[in-house]
Amino acid sequence: MARFIVRRLAGMAIVLFAVSVIVFLVFNVIPNYNPAEALAGKNATPTLVKNTEEEWGFDKSLPTQYVTMMKKVFNGELTQYSPRIPVDERIAEGIPATLSLSIGAAVIWLFFGLLLGYIGAVRAGGALDKFITGFAVAGISIPVFLLAPVLIYFLTYKLEIFPSSGYVGLTEEPWEWFTHLILPWFTVAILSIGFYSRVLRSNMLDVMNEDYVRTARAKGLSERKVMTRHVLRNSLIPIVTLFGLDFGATVAGTAILTESFFNVEGVGLYAAESIGKLELPPIMGVTLYGAFFVVLVNALVDIAYAYLDPRVRLGASAQ
Amino acid sequence: MSAEPILSVNDLRVGFATEGGLLQAVDGVSFELQSGEVLAIVGESGSGKSVTAQTIMGLTRSKNSRIEGSVTLEGEELVEASDATLRRLRGDRIAMVFQDPMTSFNPVYRIGRQIAEAMRAHRGDVSKQAGRARAIELFEAVGIPEAERRIDDYPHEFSGGMRQRAMIAMALALEPEVLIADEPTTALDVTIQAQILRLLGNLNRERGLATILITHDLGVVAEVADRVLVMYAGKVVEEGTLDELFYDPQHPYTWGLMGSLTRLDRPRPKRLPQISGAPPSLLDLPQGCSFRPRCPHEFAECSRVPGLEARQDEAPGHRDRCWLSAEQKRAKREVEGRIGLEAPAP
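Going along each chain's sequence as written, the residues are numbered from 1 onward. Throughout, the order in which chains and ligands are written sets their labels, letters from A for the former and numbers from 1 for the latter. In keeping with the predicted nature of the model, local features appear solely for residues at pLDDT of at least 70, side-chain atom pairs appear and are counted solely at 80 or more, and the whole-chain, interface and lining totals rest on all residues.

Right, let's talk about unusual backbone geometry for a bit. Here the phi dihedral of Asn263(A) falls at roughly 55°; this positive angle occurs in a residue that is not glycine. When you line up the elements, Asn263(A) lands in the loop between α10 (223-262) and α11 (267-277). Although it is not a glycine, Glu175(B) sits at a positive phi angle of roughly 50°. Per the convention used, a helix needs a DSSP run of H or I reaching at least four residues, while a strand needs a run of E reaching at least two, with both numbered from the N terminus. Its location among the elements puts Glu175(B) in the loop between α6 (160-172) and β7 (178-182).

Shown next as structure tokens:
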């Protein structure tokens, strides 16, 4: 197990390195863009621009520039252009909001996704199944940039059920935190609810044809136990993979749009602002933070996998 | 034969609604299983032998299946019984061993736990320790070495033969009266097959366990069966004791099965004989005898369905579905000095 974890950590480091190189290179091929000018701020004197250029080594070769930037990343010296605030501070400020949004949404999509998938599989072909399928397809098809404004318009402005945009800290006012996040949560979750319910349903229908399910019935287990202990349990294994990918991606990126619409002051909103202003340091910081989460969650999924499927456990320890 | 059969199946008919119409997988099957008896049901794929077995257990019940006729276990009717009643019987009084031991265990649970699960499904008061102890005892009974350790293994850590032993151990957990083994040796090596058959034979003798053995392998039948049922296209075409069937087969289909066996005690034939043609589609059966299109001895009478009848006075339990007279059969089944089905006229 220790070897397995070490291998995973090494893999994480390689992925993060690759991501940082790619982001860095992308910024160097943007046309008509002088990072020193942007970094020096508006109305900067040519001297200031020159100084900035030297500080960041923009006149040096690309590998040197990359090393300079990564040094700043690791020393916490990465600062956004204006106002000059360290990037890691801004990210740290945004993390509670982003995690509140992502974790809450994940809980919602897992709960409803699995519930609807299970019902759909058990009632396959029935009216309820068809209704769930319709809902799922709609959920998958509605883009965030349509769903978010529609929800805000009807539920916040027209009916005034939910408070308008913003984020309230969980420790400050738990109830406000909750009501402010309901709409963003569902906006993020609705796609995954549809998707997960479809995937679970089809997994379960496949597993129902397995020989061991027939064995379970032949043992005289009740239908509910056959469904939960044998069918559902084995159908969840692929869902865990999916969840690892989706949760990492939600923390890292999916929240960008939703945070922007609902003005949730998280890392996603910060990323959106930085992209708008073409500021390399925050984008580098935010991207590395996102990549870190994706890779971390995937490593956790691999470990969960070993717990769920003993055949994987054997494979890992045999190596 | 003893008076009261433990299991009796009467005119069982199982049909499945398919896009092509009603598929009659089992068409009027009747038989009785005495306690302590091994009954073999023989037939090729699609003959309805597995469906018959699964229907006895209530495993073919679904929206798309039509089940008629009667199955009684010690007088209790099963075809009409509620799902809950059948569930209580399954695993407790009738247990089943399946064909493929590689896929018949759930890969994510330990074998011992799966055996204990079968016990707890029927005896809620079985404690964890008691379930485990019983599972170890069963492992020893079916000849799994190091039972104490292997009970905590996962299915993928067992070989095929060991898994089938474990499967049999699980089936025996609650001491059922009837064991249905659906091609229990088909997926195994020949040497392992013999071990598993010996195990089934021992269980039958020592515990008086009434067994239905489903197979397409006459070699397996010869090894353990007391009585044999030959099925073709959903119908029983011949029924008799092991000796009757092997030494005096009445139905041309049985001759064909016999003829296609390799025998080590006979000169080697140039070509291994086979029954020409393929079994008919169950959605489009020939008129009359279902075997007619493949039978070289077909004659005018065969356009009517022959009944399953005893056709020789001296063997009232030996019944078949063939219009030929006993003398004709004796003459026609000799092919090159042994029982067989001659190739149809070109």
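Structure's up, so let's keep going.
All names here are of chain B. Where strand β1 (residues 7-18) and strand β4 (residues 65-73) come together, 8 bridges link them in antiparallel fashion. Following the sheet pairing, Ser 8 is matched in β4 by Thr 72. A pair of strands counts as paired when DSSP detects no fewer than two bridges linking them. Direction of pairing for β1 relative to strand β2 (residues 21-33): antiparallel, over a ladder of 10 bridges. What sits directly across from Ser 8, in β2, is Glu 32. Between β1 and the antiparallel strand that follows it, β2, lie 2 residues.

All names here are of chain A. With 15 residues, helix α6 (residues 127-141) extends 21 Å between its outermost C-alpha atoms, agreeing within 8% with the 21 Å of an ideal straight helix rising 1.5 Å per residue. Three exposure classes are used, all based on how many other C-beta atoms lie within 10 Å of a residue's own C-beta (placed from the backbone): buried at 20 or more, exposed at 12 or fewer, and partly exposed between those limits. Those residues of α6 that sit buried are Ile 132, Ala 136 and Gly 139. Buried residues of α6, viewed axially, fall in a sector of 65°; they line one side. What points out from α6, more than 90 degrees from its buried face, is the exposed set Ala 127, Gly 134, Val 137, Ala 138 and Ser 141. Throughout, a residue-residue contact means that the two C-beta atoms, derived from backbone geometry, are no farther apart than 7 Å. On the buried face of α6, the contacting elements are α5 (87-122) and α8 (174-208). In this analysis, the expected span of each helix is defined as 1.5 Å times one less than the number of residues it contains. Along the arc lie the directions from the helix axis toward the C-beta atoms.

So, on to the sheet that holds strand β9 (residues 227-232) of chain B. Residues and elements named next belong to chain B. Pairing within the open sheet is mixed, and its 8 strands lie in the order β6-β7-β8-β3-β9-β10-β12-β11. Two strands close off the open sheet at either side, each with one partner strand: β6 (94-97) and β11 (309-310). Alignment of β11 against strand β12 (residues 319-320), held across 2 bridges, turns out to be antiparallel. Residue pairing in the sheet places Ala 310 in a bridge with Arg 319 of β12. Each axis is a line fitted through C-alpha atoms, taken for helices only over the stretch in contact, and angles between the N-to-C directions span 0 to 180 degrees. Of the strands in this sheet, β6 and β7 are in contact with α6, which crosses β6 at around 170°.

With that settled, consider the nonpolar core. Membership of the largest hydrophobic core comes to 157 residues, with the highest contact counts inside it found for Ala40(B), Ile115(B) and Ile180(B). Discounting chain neighbours no more than four positions away, the residues touching Ile180(B) are Ala53(B), Ile56(B), Met57(B), Ile94(B), Met96(B) and Ile212(B). Each nonpolar core consists of buried Ala, Val, Leu, Ile, Met, Phe, Trp, Tyr and Cys residues. Their C-beta atoms, within 7 Å, join them into a set.

So, about the sheet that holds β2(B). All names here are of chain B. Judged by pairing direction, the sheet is antiparallel, and its 4 strands sit side by side in the order β2-β1-β4-β5 without closing on themselves. The sheet is open, and its two edges are formed by β2 and β5 (76-77), each paired on a single side. Across 2 bridges, the pairing between β4 and β5 is antiparallel. Across the sheet, the residue bridging to Leu 73 is Glu 76, located in β5.

Counting residues at the interface gives 22 residues for chain B and 18 residues for chain A. The element best represented in the side of chain B that touches chain A is helix α3 (residues 111-122) of chain B, accounting for 4 residues. Side-chain classes follow a simple rule in which Ala, Val, Leu, Ile, Met, Phe, Trp, Tyr, Cys and Pro form the nonpolar group, Asp, Glu, Lys and Arg form the charged group, and the remainder, Gly included, forms the polar group. For the side of chain B that touches chain A, a count of residues per class yields 10 nonpolar, 6 polar and 6 charged.

Turning our eyes to something else, we now look at the confidence of the model for chain B. Regions with low pLDDT carry predicted coordinates that are not meant to be interpreted in detail. Chain-level pLDDT for chain B is 89 on average; 98% of the residues reach the 70-or-more range. Scoring the predicted complex yields pTM 0.82 and, for the interface, ipTM 0.85. Within a predicted model, pLDDT stands for the predictor's per-residue confidence, ranging from 0 to 100.

The subject of this paragraph is the confidence of the model for chain A. Summing up the model confidence of chain A, the mean pLDDT is 85 and the portion of residues at 70 or higher is 94%. Helix α9 (residues 211-218) of chain A holds the highest mean pLDDT among the elements of chain A, 94, whereas helix α13 (residues 310-318) of chain A holds the lowest, 58.

Now for the pairing of strand β8 (residues 210-215) of chain B. Residues and elements named next belong to chain B. Burial analysis of β8 places 6 of its 6 residues in the buried class, the great majority of the element. Relative to β8, strand β3 (residues 38-42) is paired through 5 bridges, and the arrangement is parallel. Within the sheet, the bridge partner assigned to Ile 41 lies in β8 and is Ile 214. Across 5 bridges, β7 lies against β8 in parallel orientation. The residue bridging Asp 182 from the neighbouring strand is Ile 214, located in β8. On the question of chirality, the crossover connecting β7 to the parallel β8 by way of helix α7 (residues 190-207) is right-handed. Every crossover in which the path from the first strand over the helix to the second runs clockwise, viewed with the strands pointing away from the viewer, is termed right-handed.

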